[in-house]
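If you want the building blocks of each chain, they are given just below.
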Amino acid sequence: MREKLKWDHADKLYRAAVFLGIIVLALNLRPAITSVGPLIGIIRDDIGLSNWSAGMLTSLPLIAFAVMSPIVPWLRHRLSNEWAMLVGLFLLSGGIGIRSMPLAWLLFAGTLLIGFGIAVLNVLIPSVIKEKFPLRVGLMTSIYSTAMGVLAALASGLSVPIASNLHLGWEAALFVWILPAVVGVGIWVYLALKRDKNNSVAIAGHHSQANAGNQQIMRSPLAWQVALFMGMQSMLFYVSIAWLPEILLDYGVSKATAGWMLSFTQFIGLPASFLVPVIAEKSSSQRRIVFVLTICAIGGYSGLLLGSSYTTMVVSVIFIGISLAGNFALALTFLSMRARNAKQAAELSGMAQSLGYILAAVGPILIGYMFDFTEAWTVPLLTIMGVSLLVLFFGIGAGRNKHVLD
């Protein structure tokens with residue numbers, strides 16, 4: 001009996017560590033990127049970048065996502081989820097350190113490494129949730145997407161105060177976000193050392209089936225719809241992270257206020273980030289959710305296009321925040337809900353994030369180029385609204401009550 005109690009205690013401790021590990025990973029998925037938007041003008045002027053090349057600071061991680069994501073399922077089969085997570089955290093930490101040096105080539109090289117690291121974590125979290133919490137997919141997705149949104153919002157709001165108010169410069173404002181990665185390394189080293197031997201055997205047994213599974217996923221129309229939904233909603237998010245502060249500056253607000261408004265955009269979306277996966281899991285179809293979130297997106301971006309008052313700006317930012325957070329949480333939920341097991345979830349996640357982020361990477365560069373060419377935000381905002389309609393189109397397909405390999 002005493003041995004059984006010790007085993008139960010160890011099992012509870014392990015599950016608690018997995019839960020905490022997922023939360024800490026979520027805290028690492030956004031700050032290294034969202035901290036850049038409010039500083040992009042400062043970095044551009046300090047190093048001497050054009051608007052389109054400054055947009056690369058947001059697009060490069062997405063290119064890295066696209067390159068790395070299809071490799072991650074293979075990495076999982078070779079190393080296990082736990083050790084693969086550590087690879088991602090080390091890449092992320094190294095990238096943050098390199099990017100914080102005031103040289104243009106190090107800035108871009110570090111940004112690329114950050115993208116590789118986040119890609120590993122992005123792909124594997126749905127697989128870990130499907131494996132460790134198969135009956136709580138919606139709830140766990142809600143918790144981790146909300147945790148991700150909280151620190152992402154703080155990173156946007158604190159960037160300018162750290163750089164300017166504390167006189168530490170943009171380098172320190174970017175470097176500070178290495179701290180969650182260091183905490184994550186500690187937790188996932190423990191999980192990697194304590195992983196169950198049976199789990200390791202199961203992973204090894206799937207290795208020979210990895211390529212066949214990836215080919216099956218690529219032939220699934222539903223998987224393509226999930227991937228394109230992921231890509232289009234990601235394009236909206238990263239365009240907003242990169243250029244929303246600059247758009248708000250045209251309303252006459254200060255850089256610090258523009259940074260906090262970007263932070264507010266993410267904070268206001270936290271309820272949607274939490275509720276959407278829970279509602280989605282309880283619904284037979286998620287199409288109505290996609291439609292409501294698209295209405296919010298169109299309303300928000302059209303408000304920035306047509307309005308000129310501070311009130312219009314705030315209302316627009318609220319609608320944008322709800323749509324961005326809700327669509328991202330829904331995309332993450334699709335990665336688990338449209339798969340029957342952890343292996344399929346990893347394969348779908350790798351495929352969806354690879355193809356999706358290729359599309360997303362185009363966004364910040366394209367919008368920056370459009371602004372350089374037209375010297376106004378009208379054409380960029382109309383383009384963003386068109387992308388919102390594509391999110392609706394592919395979301396209706398991805399929202400069907402099916403599994404990718406059915």
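Right above here is the structure, for reference.
Note that the coordinates shown come from a computational prediction; the quantities given were computed from them, not determined experimentally. (Residues numbered from 1 in each chain as written. Predicted model: local features only at pLDDT ≥ 70, side-chain atom pairs only at ≥ 80, totals over all residues. Heavy atoms only, no water.)

Concerning empty space enclosed by the protein
Spelled out, the test is: The method works on a 1 Å grid over the protein atoms by themselves. A cavity is a set of points holding a 1.4 Å probe that cannot get out, a pocket is an open set with protein on both sides within 12 Å along at least five of seven lines, and residues with an atom within 4 Å of a point line them. Grid points are joined across faces, edges and corners, and a volume is the space filled by probe spheres set on the points. A helix here means a DSSP run of H or I that spans at least four residues, while a strand means a run of E at least two residues long, and both kinds are numbered starting from the N terminus. Under the scheme applied, nonpolar residues are Ala, Val, Leu, Ile, Met, Phe, Trp, Tyr, Cys and Pro; charged residues are Asp, Glu, Lys and Arg; polar residues are all the others, including Gly.
Summed over the entire model, instances satisfying the criterion amount to 5 cavities of 30 Å³ or more. Of the pockets and cavities examined, the largest cavity occupies roughly 140 Å³. If you go around the largest cavity, you meet 15 residues; those closest to its centre are Arg-30, Gly-149, Phe-237, Leu-324 and Ala-325. If you list the elements that add at least two residues to the lining of the largest cavity, you get α8 (137-165), α14 (255-268), α15 (270-282) and α17 (310-337). Considering every element that reaches the lining of the largest cavity, the biggest residue donor is α17, with 5 residues. Residue composition of the lining of the largest cavity, grouped by class: 7 nonpolar, 7 polar and 1 charged. As a volume, the second largest cavity reaches approximately 50 Å³.

Structural notes on the nonpolar core
Here is the rule: Here, nonpolar core refers to any group of buried Ala, Val, Leu, Ile, Met, Phe, Trp, Tyr and Cys residues whose side-chain atoms link them within 4.5 Å. Here the term buried applies to any residue with accessible area under 20% of the maximum for its type, exposed to any over 50%, and partly exposed to those in between, with areas from a 1.4 Å probe on protein chains only. Note on contacts: a residue pair qualifies if any of its non-hydrogen atoms lie within 4.5 Å across the two residues.
Core analysis: the biggest nonpolar cluster contains 108 residues, and Ile-22, Tyr-144, Phe-229, Leu-248, Tyr-301 and Tyr-357 have the highest contact counts within it. No other element matches helix α13 (residues 221-249), which puts 18 residues into this core. In this view, Phe-229 contacts Val-290, Asn-327, Leu-330, Ala-331, Phe-334, Val-391, Phe-394, Gly-395 and Ala-398; residues no more than four positions away in its chain are not counted. One finds Val-36, Ile-43, Leu-57 and Ile-162 within the second-largest nonpolar core, a separate group that totals 12 residues.

Notes on helix α5 (residues 72-79)
Looking only at α5, the buried set comprises Val-72, Pro-73, Leu-75, Arg-76 and His-77. One or two steps after α5, the chain reaches Ser-80, where phi turns positive at roughly 95°.

Quick word on the layout of surface pockets
Taken as a whole, the second largest pocket holds about 160 Å³ of empty space. Lining the second largest pocket we find Ile-268, Ala-272, Leu-275, Val-276, Ile-279, Ile-289, Val-292, Leu-293, Cys-296 and Ile-322. The set of elements that each furnish at least two residues to the lining of the second largest pocket consists of α15 and α16 (287-306). Residue composition of the lining of the second largest pocket, by class: 10 nonpolar, no polar and no charged.

What about α8?
What counts, and what does not: In a helix, the anticipated span is given by 1.5 Å times the number of residues less one. Note that bend, as reported per residue, equals the angle between axes fitted to the 7 residues terminating at that residue and the 7 residues originating from it.
The end-to-end C-alpha separation of α8 is 41 Å, in line with the 42 Å expected for 29 residues at 1.5 Å each. The sharpest bend along α8 comes to roughly 40°, located at Leu-158, with the proline Pro-161 sitting one to four residues further on. Most of α8 is tucked away, with 22 of its 29 residues classed as buried. Two residues or fewer after α8 comes His-167, characterised by a positive phi angle close to 60°.

Notes on the packing of aromatic side chains
Pairs of aromatic rings are described using the distance from one ring centre to the other and the angle between the two planes. Spelled out, the test is: Only Phe, Tyr and Trp rings are paired, with Trp represented by its six-membered ring, and only when their centres lie within 6.5 Å; those with planes under 30 degrees apart are stacked, over 60 edge-to-face, the remainder tilted.
The final tally for this structure, using the stated rule, is 6 aromatic pairs. Each ring, one from Phe-229 and one from Phe-334, has its centre 5.5 Å from the other, and the planes form 65°; the classification is edge-to-face. Residue Phe-229 is found in helix α13, and its partner Phe-334 is found in helix α17; the two are separated by 105 residues along the sequence. The two residues Phe-229 and Phe-334 agree in class, both being buried. Counting every residue linked through ring pairs, the aromatic cluster contains Trp-243, Phe-371 and Trp-377.

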